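# Breakdown of the fold
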Amino acid sequence: MPETSPLFDEFGRCLPTGINAPAHQKTRRYFLIDKPDINYSASYERLNQAFSISDAISQEQYESRVTSILAEIADNKLMKPILNGAMAPFILPKAVYDDIGQAMESTFLPAVQSAFNSFFPDYDFKNHSPRSLNGQLSVAPGSRHQQVLDQMANEVVVGVYFPCLSEYSVPAAIERMATLPEQFSLAGGFDTSAAFVSMPDLLFRKEGYPPLLWLSGLVSTEQNVAYHFEAYGYDLTFNRRVHLGQVAEYWSSGLVMIG
Amino acid sequence: MLNLAVEQSDSVLSADELAKREGLRARKPYVAEKLANIHAMEGRGEISPIIRLEKSYLCNFQCTHCSAEYYMDRHMEKVLHVKDERKKIDLDDIRKLSKEADELGLARFVITGGEPLVMRDLDEVVAAIDPEKHYVILDTNGWFLDDEKAKHLKEIGVEKIQLSLDSFIEEDHDNFRNKKGSYKRVMRAIDAALDAGLNLILSTVLVKGRAKTEEFLEMCQYCTDKNVGLYVSYAKPTGSCTEHPEFVIEKEDADVLRQLEKDYNVFTHMTPSYGSHKGCITVKGIITVTSTGEVTPCPYIDFSIGNLFETSLKEVLDRGMRNPWLGPHRPDCLIGEDPKFIKIHTEKTAGATHLPLPWGEGFSDNDSLTD
Ligand SMILES: C[S@@+](CC[C@H](N)C(=O)[O-])C[C@H]1O[C@@H](n2cnc3c(N)ncnc32)[C@H](O)[C@@H]1O
Ligand code: SF4
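In this text the structure is predicted, and so the values were computed from the model without any measurement.

We now examine the site of ligand 2. Residues and elements named next belong to chain B. The full set of residues close to ligand 2 is Cys59, Phe61, Cys63, His65, Cys66, Gly114, Asn141 and Arg177. With respect to the pocket detection grid, ligand 2 is positioned in the largest cavity. Looking at side-chain class alone, the shell around ligand 2 contains four nonpolar, three polar and one charged residues.

Further remarks concern unusual backbone geometry. Residues and elements named next belong to chain B. In this chain, Gly113 is followed by Gly114 through a cis amide linkage whose omega measures 15°. Positionally, Gly114 belongs in the loop between strand 2 (108-111) and helix 5 (122-129). Of note, the bond from Leu355 into Pro356 is cis; its omega dihedral lies within 30 degrees of zero at -5°. Checked against the element boundaries, Pro356 lands in the segment after helix 13 (339-349). Phi angles above zero are rare outside glycine, and His81 is one such case at about 55°.

Attention shifts here to the pattern of salt bridges. What the rule picks out here adds up to 40 salt bridges over all chains. Linking A:Arg205 and A:Asp34 is a salt bridge whose minimum nitrogen-to-oxygen distance equals 3.3 Å. On the criterion of sequence distance, the pair formed by A:Arg205 in the loop between helix 6 (189-198) and strand 6 (212-214) and A:Asp34 in the segment before helix 1 (40-51) is long-range, its members being 171 residues apart. Taking the relative accessible area as the measure of exposure, A:Asp34 reaches 44% and is therefore partly exposed. B:Asp255 is paired through a salt bridge with B:Arg258; the nearest N and O atoms lie 2.7 Å apart. Taken together, the residues span about one helical turn, with B:Asp255 and B:Arg258 both in helix 10 (residues 251-260) at a distance of three residues. Of the two residues, B:Asp255 and B:Arg258, both sit in the buried class.

With that out of the way, let us pick up the site of ligand 1. Residue and element names in this part refer to chain B. Neighbouring residues of ligand 1: 21 residues in total, closest His65, Ser67, Ser164, Arg177 and Lys236. Backbone polar atom of Gly114 to a nitrogen atom of ligand 1: 3.1 Å apart, as the coordinates give it. Within the side chain of Ser164, one N or O atom sits 2.5 Å away from an oxygen atom of ligand 1. For ligand 1, whose free accessible area comes to 540 Å², the fraction covered by protein is 97%. Cavity membership is defined here by more than half of the atoms lying within 2 Å of grid points; on that basis ligand 1 lies in the largest cavity.

Once that is clear, we can look at the interface of chain B and chain A. Taken together, the contacts link 29 residues of chain B with 32 residues of chain A. Both faces considered, chain B and chain A share a buried interface measuring about 2,500 Å² in area, 55% of it formed by carbon and sulfur atoms. Of all residues in chain B, B:Lys251, B:His277 and B:His329 give up the largest surface area on contact with chain A, accounting jointly for 26% of the area buried on that side. At the surface where chain B touches chain A, the tally comes to three salt bridges. A:Asp124 is the salt-bridge partner of B:Lys262, the closest N and O atoms lying 2.8 Å from each other. The tally of links between chain B and chain A comes to 14 residue pairs in polar contact (both at pLDDT 80 or more). Looking at the side of chain B that touches chain A, the elements that each hand over two or more residues are helix 2 (29-43), helix 10 and helix 13 of chain B. Of the residues forming the side of chain B that touches chain A, the biggest block, six residues, is contributed by helix 10 of chain B. Split by residue class, the side of chain B that touches chain A holds eight nonpolar, seven polar and 14 charged.

To continue, consider the layout of surface pockets. Over the atoms, a rolling probe the size of a water molecule traces out where space has been left empty. All names here are of chain A. Here the second largest pocket defines a volume of roughly 340 Å³. At four residues, strand 4 (residues 157-166) tops the list of elements feeding residues into the lining of the second largest pocket. Classifying every residue of the lining of the second largest pocket gives eleven nonpolar, six polar and six charged.

The rules we used
Residues numbered from 1 in each chain as written. Chains lettered and ligands numbered in written order. Predicted model: local features only at pLDDT ≥ 70, side-chain atom pairs only at ≥ 80, totals over all residues. Heavy atoms only, no water. Near = heavy atom within 4 Å. 1 Å grid on protein atoms, 1.4 Å probe; cavity = no way out; pocket = protein on both sides within 12 Å on 5 of 7 lines; lining within 4 Å. Sits in = over half its atoms within 2 Å of the grid points. Nonpolar A, V, L, I, M, F, W, Y, C, P; charged D, E, K, R; others polar. Helix = DSSP H or I, 4+ residues; strand = E, 2+ residues; numbered from the N terminus. Salt bridge = Lys/Arg side-chain N within 4 Å of Asp/Glu carboxyl O. Buried < 20%, exposed > 50% of the residue type's maximum accessible area, 1.4 Å probe, protein only. Polar contact = N/O pair within 3.5 Å; in protein donor to acceptor, adjacent residues only side chain to side chain. Areas by Shrake-Rupley, 256 points an atom, 1.4 Å probe, with all protein chains shown as cover. Contact = heavy atoms within 4.5 Å. Buried area = accessible area lost by both parts, 1.4 Å probe. Points joined across faces, edges and corners; volume = space filled by probe spheres on them.

Honestly, it's all geometry; don't read function into it.
Given below as structure tokens:
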């Protein structure tokens, strides 16, 4: 049953309504993402550098498709407050990958790395994951992340990433999907990586700490383990971690809307 | 203070670190095995905190910043005019703690205080911990660490020294530590510890703005050249340091330091180490056992999560891990950086005569981040 009660608070946080898995009902808004401005031209340049999409989509088309996603959200009273939070538009190439982990390692993480390095020549992106991701990752049941992969199989995908499931455990993020409008899916590896290619400074914060962002749309072959992006000072990192289904003030997941 | 550079995973070790570990394995195979297991434990989401043991708060210094000052008899008696009648831990309690910790896979003890090298029963305490079962580390201000003492410590089973040096400028260190000649003694202690074959790190307090100073860079360079780790402790506004809120760092200081970690042998308690990315190490990476058997989740948080005279170590650790302030993971230093927690801590401890505040008065199972 779709909900009729508020879905997001005034800062764009997805309210943890009706879930049993651990999530903080209230937040003191300590781990935050400063809402960055969207620079379509720079974002497009980086996405094109990473995924060579200029034959399939122009910068104007990118901007207009993002604008229509945002307009669709703005038109819906329940969804609209999500726009008060941070967001990152992105493009994903038309592609089918048999092995999500391998594609992360060979394509998406290197793309984040080079976008980050060109944006921040003095800082580093590091993949700390202690083992190869090959064969490690699949779509989390209930996450609706498959929607993104299915569309990627057919065409270049344009979407917007919203890191708005703050202070949710990984299971709570998945559980929350059951009652969110069907346009939303839980962010996984490709979409989150593309969001970082688009906006390498998403987690860059000088005055306070940003949250860790789980790829909750993906499950690992190891129980209670998930993968995530996380700032380390001015650097950006990718890593694996045991979450044990717990909640932490520092942990967030992201929603994605494609259009 | 702490030793994050001990064994985690063999995959990314320097030749020097590997040699140290092999040496330890030859001498103390049981300890080496437990240390090697920590990496796998953390990989499963289990914890193996270092236990800091504060059996005595006697000290020959009176430092500007000391977090332990308010636990000391001299403070309680002369400033607060109270006598500490609480039950104190003895050697049997330490033996029991050593066994309990061993059964939980914990592998490291830091003897601290106060100043361990003024403890009359230091040798007995080391024996009670049992250096064949646990990796034993000793914090010191270095005043009494000469060649003879260093050799003796090595002989009784101490593996590592954490030696405090708070400025690379002699006069500034001596002033901060309120002890003329202490810088020279630290320099002597460095050589004594290394000559005796002890592992050594220097421990230094980071006050606001210091990370960007020439002095600090020189200290980083010195430690790097000497192949001695420099452990940086953010100034925490507790104990005597409560009077120096201006010492508390800003995020920029921590971020500058994170960048320096790439070029120098310098680290904090939150620096990733051999595949371990714990962030704030409260409970997950460290606990302190005070002279009254109280367990605090961090050397600088004066709220207990339980008393070992009443509650098992396992239950105390579980309590800590389910507390939302201490809980599974955070990237910043709770008592050194989080203004809301610092405020709560300062307000609750203000006027307290007997620290730490017992479980239920500082931390409790009802804690909430948003109250
Ligand atoms: C309490 S002392 C005990 C051991 C020994 N007396 C010494 O000074 O090294 C342990 C360590 O804690 C550090 N320390 C004490 N108070 C502190 C504070 N308020 N903030 C940060 N570090 C502190 C000291 O500088 C020292 O390195
Ligand atoms: S920091 Fe160490 S040496 Fe200084 S007063 Fe505290 S316990 Fe003593």
